[in-house]
Amino acid sequence: AEALLEAAVGLGLSRADAEVLVRQTMLGSARLAEESGMSFSALRRAVTSRGGTTERALAVFEEASLREIVAKAVRAACERARELGSG
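Below is a summary of the structure that appears in this document. (Residues numbered from 1 in each chain as written. Predicted model: local features only at pLDDT ≥ 70, side-chain atom pairs only at ≥ 80, totals over all residues. Heavy atoms only, no water.)

## With respect to the overall build of the chain
Here comes step 1: In terms of helices and strands, the chain carries 5 helices and 0 strands.
Here comes step 2: Going from the N terminus to the C terminus, the chain shows its helices and strands as α-α-α-α-α.
Here comes step 3: Its C-alpha atoms give the chain a radius of gyration of 16 Å, more than 25% over the compact-globule value 12 Å for 87 residues.
Here comes step 4: Each principal axis of the C-alpha distribution contributes one length, and for the chain these read about 45 × 30 × 30 Å.
Here comes step 5: Looking at the chain as a whole, 7% of its 87 residues qualify as buried.
Here comes step 6: Working note: accessible area of the chain is about 7300 Å², and carbon and sulfur atoms make up 58% of it.
Here comes step 7: Each charge sign in the chain was given a centre, from 12 positive and 12 negative side chains, and these centres are 4 Å apart. (Helix = DSSP H or I, 4+ residues; strand = E, 2+ residues; numbered from the N terminus. Rg over C-alpha atoms; globule rule 2.2 N^0.38 Å. Buried < 20%, exposed > 50% of the residue type's maximum accessible area, 1.4 Å probe, protein only. Areas by Shrake-Rupley, 256 points an atom, 1.4 Å probe, with all protein chains shown as cover. Lys, Arg positive; Asp, Glu negative; His and termini not counted. Charge placed at Lys NZ, Arg CZ, Asp CG, Glu CD.)

Here it is, written out as structure tokens:
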């Protein structure tokens, strides 16, 4: 959320408008995921228009290896949780 906020502000939105946009985007995404009952991959396919904004953003994520970054972060958090639990 912070990264989205900073990117929106960097594109010229006011911080207040960017906060509303980010909150509404996250709420809408969560609501759609919850209410649709679709798998995350099916939902992604359903909202990704060919040649659209989501497709372009996803290409950037893929190029930056976002899945690997997220997996690495989750493993690090899990490892730290185990450390804290055993101490």
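There's plenty left to go through after this.
## Considering the layout of surface pockets
Here comes step 1: Of the volumes computed, that of the largest pocket is approximately 1400 Å³.
Here comes step 2: Residue lining of the largest pocket: 30 residues in total, with S29, T54, A57, L58 and F61 positioned closest to the centre.
Here comes step 3: Counting residues per element, the ones that place at least two in the lining of the largest pocket are α1 (2–10), α2 (15–36), α3 (40–47), α4 (53–63) and α5 (66–86).
Here comes step 4: Element by element, the count of residues in the lining of the largest pocket is highest for α2, at 9 residues.
Here comes step 5: Counted by class, the lining of the largest pocket contains 19 nonpolar, 7 polar and 4 charged residues. (1 Å grid on protein atoms, 1.4 Å probe; cavity = no way out; pocket = protein on both sides within 12 Å on 5 of 7 lines; lining within 4 Å. Points joined across faces, edges and corners; volume = space filled by probe spheres on them. Nonpolar A, V, L, I, M, F, W, Y, C, P; charged D, E, K, R; others polar.)

## Structural notes on a nonpolar patch on the surface
Here comes step 1: A grouping of F61, L66, I69, V70 and V74 is seen on the molecular surface, where their side chains present a nonpolar patch of about 430 Å² in accessible area.
Here comes step 2: Among the elements that line the nonpolar patch, the one with the most residues is α5, at 4 residues.
Here comes step 3: Note on placement: I69 falls in helix α5. (Patch = residues over 30% accessible without salt bridge, like charges linked within 9 Å, V, L, I, M, F, W, Y side chains within 5 Å. Salt bridge = Lys/Arg side-chain N within 4 Å of Asp/Glu carboxyl O.)

## Remarks on the pattern of salt bridges
Here comes step 1: Inspection of every chain in the model, using the stated rule, returns 2 salt bridges.
Here comes step 2: Its salt-bridge partner being R15, residue E6 comes within 3.3 Å of it at the nearest N-O pair.

## Brief notes about unusual backbone geometry
Here comes step 1: One non-glycine residue, S65, lies in the positive phi region at around 60°.
Here comes step 2: Mapping S65 onto the fold places it in the loop between α4 and α5.

## What about the environment of M38?
Here comes step 1: Within the element layout of this structure, M38 appears in the loop between α2 and α3.
Here comes step 2: Residue classification places M38 among the partly exposed positions, given a relative accessible area of 35%.
Here comes step 3: Along the backbone, M38 and A81 are 43 residues apart, and their C-alpha atoms lie at a distance of 30 Å.
Here comes step 4: Sequence-distant contacts of M38, defined by excluding residues within four places in its chain, comprise L43 and A46. (Contact = heavy atoms within 4.5 Å.)

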